Amino acid sequence: MTIKRGNEGGIKDRKKIEQDAVNAVNLCFRGVNRVSADILTNDKTPCVDGSISLYSSEAMSNITLVGSIDVQVKGTEAKRRADEPKRSVSIVDLEYYQTHGGALYFVVFENNERDEVFYRLLLPFDIKRILRDHSGQKSVMLRFKAFPDDRDEITRLITKAIREKAAQQQSAALAYCSVDDYEAGGFNFPECVLTVDVTPNESLASLGPYKSGVYIYGKDERGLRFPVDKIEDLTAVAIGGKCVVSAGEISFETLFFKGEDEVSGIFYKFDDFRIEASSNTLRLNEKGPLSIRLRDLKLLRELRNGASLLVDGRQFLHGFAPDERTGSKSLDSKIEALDCIDAVMKCLNVKVDLDVEALTDQNLRDLHIAYRALIGGELLHRSNKSAGMCLIKLPGFSLKFLLYDKGNDDFLLMDALNVDSSIVTPVLTDDEGVPVVPVPPLLIQTEQELLELGNIDSETFEETCDSFPVSGDNSYYVNNRMLDLIAAADNKAVCASDLLKCAAILVERLEPFTDPEITVINRLQIKKRVGRLTSDDEMNLASLVATGNSLEAKACAAILRGDEMQANVLIGMLPPERANELRGWPVYHLLERSEAD
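Described below are features of the structure shown in this document. (Residues numbered from 1 in each chain as written. Predicted model: local features only at pLDDT ≥ 70, side-chain atom pairs only at ≥ 80, totals over all residues. Heavy atoms only, no water.)

**Some thoughts on a nonpolar patch on the surface**
What counts, and what does not: Patch membership is restricted to residues that have no salt bridge and whose relative accessible area is over 30%. Joining uses 9 Å for like charges and 5 Å for the nonpolar side chains Val, Leu, Ile, Met, Phe, Trp and Tyr. The Shrake-Rupley method, run with a 1.4 Å probe sphere, supplies the accessible areas, and residue values consider only the shown protein chains as cover. Every case where a carboxyl oxygen of Asp or Glu lies within 4 Å of a side-chain nitrogen of Lys or Arg is listed as a salt bridge. Strands here mean DSSP runs of E at least two residues long; helices mean DSSP runs of H or I at least four residues long; both are numbered from the N terminus. We call a residue buried when its accessible area falls under 20% of the maximum for its residue type, exposed when it is over 50%, and partly exposed in between, using a 1.4 Å probe and counting protein chains only.
Nonpolar side chains collect at one region of the surface, where Val198, Leu204 and Ile239 lie side by side and expose about 230 Å² of accessible area between them. Examined against the element boundaries, Val198 turns out to sit in the loop between β10 (191–193) and β11 (214–219). Overall, Val198 belongs to the partly exposed group, its relative accessible area being 36%.

So this is what it looks like as structure tokens:
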């Protein structure tokens, strides 16, 4: 807030500067409903210069008093050099405010023409964070914001200050100032809550209620609230929920938001669409996953062709002026190209998000060929080619195909991970390269391919396990490859989730050929990676540690129980060669992670 003043001239003494600063702050509250400022010059109270009180009605009395907050005022004739200037605050003062519920701290920049009033709300939660970050100092530089000019905004600020002061009173003595701190201290918060004040002309999706910052509280099982975070310097806010958005023949459920930002004002947003209320313009930022991008473009085409935008069946927007980017030909050709790519991804059960913007011209040509062959059923004519595997390398992942020779230089293109014995039989070979026994095609992929292939799908894999079942002849190899699948998932394979599902399928199919203790270890190491172990699981592992038939089984069970000390002791009891072998197993990754944490 800026307050005009007469030209006094000359250099003022310290006492006069402080008097003028207090007068300037008192003037800020002239005409502000339900708020009374009681700030004195020459106040002798340590660390404070008075208080500001809030009342529930304009009849200000003890009966209508809501609460008060202490005030400190500092004046300066220094020139302000920033929109949010920094000023030094004593640590002693901060410690006083922390034990007395907080304070509203004012700094007034004085010159011959006007006084500029800045403030900082210092509540116990804020002070705990400041003291934590500036331990051992006598003072700290803090940033101050301009005090609002609008009277309703002032009322809102004082309401918030006194409400949040009361909310933080019970936890002021606790040292915790984050969710992690509280959890380490034994607190549990099933939910987090916040409170904002909304004027009659605002909504929860307006920026105004959040501009002075928002305190986040953890709410425990008893309903008690504890401050865990504060969000400041918000430049935009949006609130929404699930709605059905439709235009013409396109309809889908998505999150629909209403919000406000400092630049464009009120806006609406869903998927990668943004509608600005002030100009009634609709923009599409094409950066989402392929499936969402495709449906958004189809919705855009419907709007371009004259359809209304409906939200939950109600008309929301009608009329759309196409630009060069969304002209008829460019939009239709883009949708056609993305439709082809989407069809290939669905045919191969690809779940990895494809970065469409990063596709090269060669990628587009390869995907178009794959579309013609996989979806259109065309044979690929290739001279001087032999049957075998081929890769299409895309941004972020690869796709693997099988070229099946149909004769006359014609080839059938197939998903290399989804073949059955009527087409081709993937087999193991002995040391001399002689075929020995068939296995599911996923299990003959290299370790690098397990990391980068995007067409790994657990349902497809289970079908190929039916075509090429686990047997006594291949169980040893299959077990080792099952461990490779887990290791690839640990190494951030693009299809890590499906690799773990494939490994779980193999564990069950290997059970007739595997030691029962090993089956339990493998089953539970996968389960631990995708979720939590049950109490029954923990009991089984405890039993294994106590009575397992081998040191390896006992050590693995200790790892899965999270008992680092016992696991390391058991591993240390193994001969060096066997200990090194265990350290190469995927279950050992869990111990390494635990030790790193």
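Structure shown, so let's carry the discussion forward.
**Some remarks on the sheet that holds strand β18 (residues 309–311)**
Whenever strands of a sheet pair, they do so through backbone hydrogen bonds, lying parallel or antiparallel. Defined as follows: For two strands to be treated as a pair, DSSP must find at least two bridges joining them. Working convention: axes come from line fits to C-alpha atoms, limited for helices to the stretch in contact. Angles between N-to-C directions cover 0 to 180 degrees. Here, residues are in contact when the closest pair of their heavy atoms is within 4.5 Å.
One open sheet holds the seven strands; their spatial order is β17-β16-β15-β14-β13-β18-β19, and the pairing between them is antiparallel. Strands with a single pairing partner mark the edges of an open sheet, and in this sheet they are β17 (281–284) and β19 (314–317). Recorded for the sheet is a direction-independent mean angle of 35 degrees between the axes of neighbouring strands. As judged from the three bridges shared by β18 and β19, these two strands associate in the antiparallel manner. Bridged to Val311 within β19 is Arg314. Contacting β13 (236–247), β14 (250–261), β15 (265–270), β16 (273–276), β17 and β18, helix α6 (residues 290–304) crosses the sheet at an angle of about 85 degrees to β14.

**A look at the pairing of β15**
Here six bridges tie β14 to β15, and the two strands are oriented antiparallel to one another. Its bridge partner lying in β15, Gly259 is registered against Phe267. Counted between consecutive antiparallel strands, the loop separating β14 from β15 contains three residues. Taken together, the four bridges between β15 and β16 define a ladder with antiparallel strand orientation. Each residue of the ladder has a partner; that of Phe267, found in β16, is Glu276. The hairpin turn running from β15 into β16, its antiparallel successor, is two residues long, and Asp271 in that turn takes a positive phi close to 45 degrees.

**Topic: the state of the cysteines**
Which entries qualify depends on this criterion: Cysteine sulfurs are considered disulfide-paired once they come within 2.5 Å of each other.
Applying the stated criterion across every chain yields a total of zero disulfides. Cys177 takes part in no disulfide bond, and the closest cysteine sulfur, belonging to Cys192, lies 15 Å away. The exposure class assigned to Cys177 is buried, which follows from its relative accessible area of 1%. On the basis of relative accessible area, Cys192 is assigned to the partly exposed category, the value being 46%.

**A short note on the pattern of salt bridges**
Under the criterion given, the structure shown has 39 salt bridges. Across the pair Glu276 and Arg283 runs a salt bridge, and its minimum N-O distance is 3.9 Å. A relative accessible area of 13% places Glu276 in the buried class. Here Lys351 and Asp498 are joined by a salt bridge, their closest N and O atoms 3.3 Å apart. Taken as a pair, Lys351 in the loop between α7 (328–347) and α8 (361–374) and Asp498 in helix α12 (residues 496–510) lie far apart in primary sequence, 147 residues in all. Connected through salt bridges with shared partners, the residues Arg80, Asp83, Arg114 and Glu116 form a single ionic network.

**Here we look at the pairing of strand β7 (residues 114–122)**
Extensive coverage of β7 is indicated by the burial of seven of its nine residues. As judged from the two bridges shared by β7 and strand β9 (residues 145–146), these two strands associate in the antiparallel manner. The partner of Phe118 across the bridge, within β9, is Ala146.

**A closer look at the packing of helix α11 (residues 475–490) against helix α13 (residues 516–530)**
To keep it simple, the criterion reads: The scheme is simple: roughly parallel for angles under 35 degrees, roughly antiparallel for over 145, roughly perpendicular for 65 to 115, oblique for anything else. Put simply, a crossing is left-handed when the front helix is turned counterclockwise from the back one by less than a right angle, and right-handed when it is turned clockwise.
Between α11 and α13, the least distance of the axes is 12 Å, while the angle of their chain directions is 15 degrees. Classified by the angle between their axes, α11 and α13 sit roughly parallel to one another. Crossing of α11 against α13: the hand is left-handed. Contacts between α11 and α13 involve Asn479, Met482, Leu483, Ile486 and Asp490 from the first element and Asn522, Gln525, Ile526 and Arg529 from the second.

**What about the nonpolar core?**
For clarity, the cut-off: Buried Ala, Val, Leu, Ile, Met, Phe, Trp, Tyr and Cys residues form a nonpolar core when they are joined through side-chain atoms within 4.5 Å.
Grouped together as the largest cluster of nonpolar side chains are 46 residues, with contacts concentrated most on Phe270, Leu299, Met345, Leu394 and Leu399. Counting residues in each nonpolar core, the second largest holds 32 residues, with Ile39, Leu54, Ile154 and Tyr217 among its members.

**Digging into the environment of Phe316**
Among the structural elements, Phe316 can be located in strand β19. Separated by 165 residues in the primary sequence, Phe316 and Arg151 place their C-alpha atoms 35 Å from one another.

**Regarding the packing of helix α14 (residues 535–547) against helix α15 (residues 551–561)**
To keep it simple, the criterion reads: For this classification, the nonpolar set comprises Ala, Val, Leu, Ile, Met, Phe, Trp, Tyr, Cys and Pro, the charged set comprises Asp, Glu, Lys and Arg, and every other residue, Gly included, is treated as polar.
It is at 8 Å that the axes of α14 and α15 come closest, and there the two elements cross at 145 degrees. Both α14 and α15 take part in a crossing whose hand is left-handed. Each of Glu538, Leu541, Ala542, Leu544, Val545, Ala546 and Thr547 in α14 lies in contact with α15, whose residues at this interface are Lys554, Ala557, Ala558, Leu560 and Arg561. By residue class, the composition of the contact of α14 with α15 is eight nonpolar, one polar and three charged.

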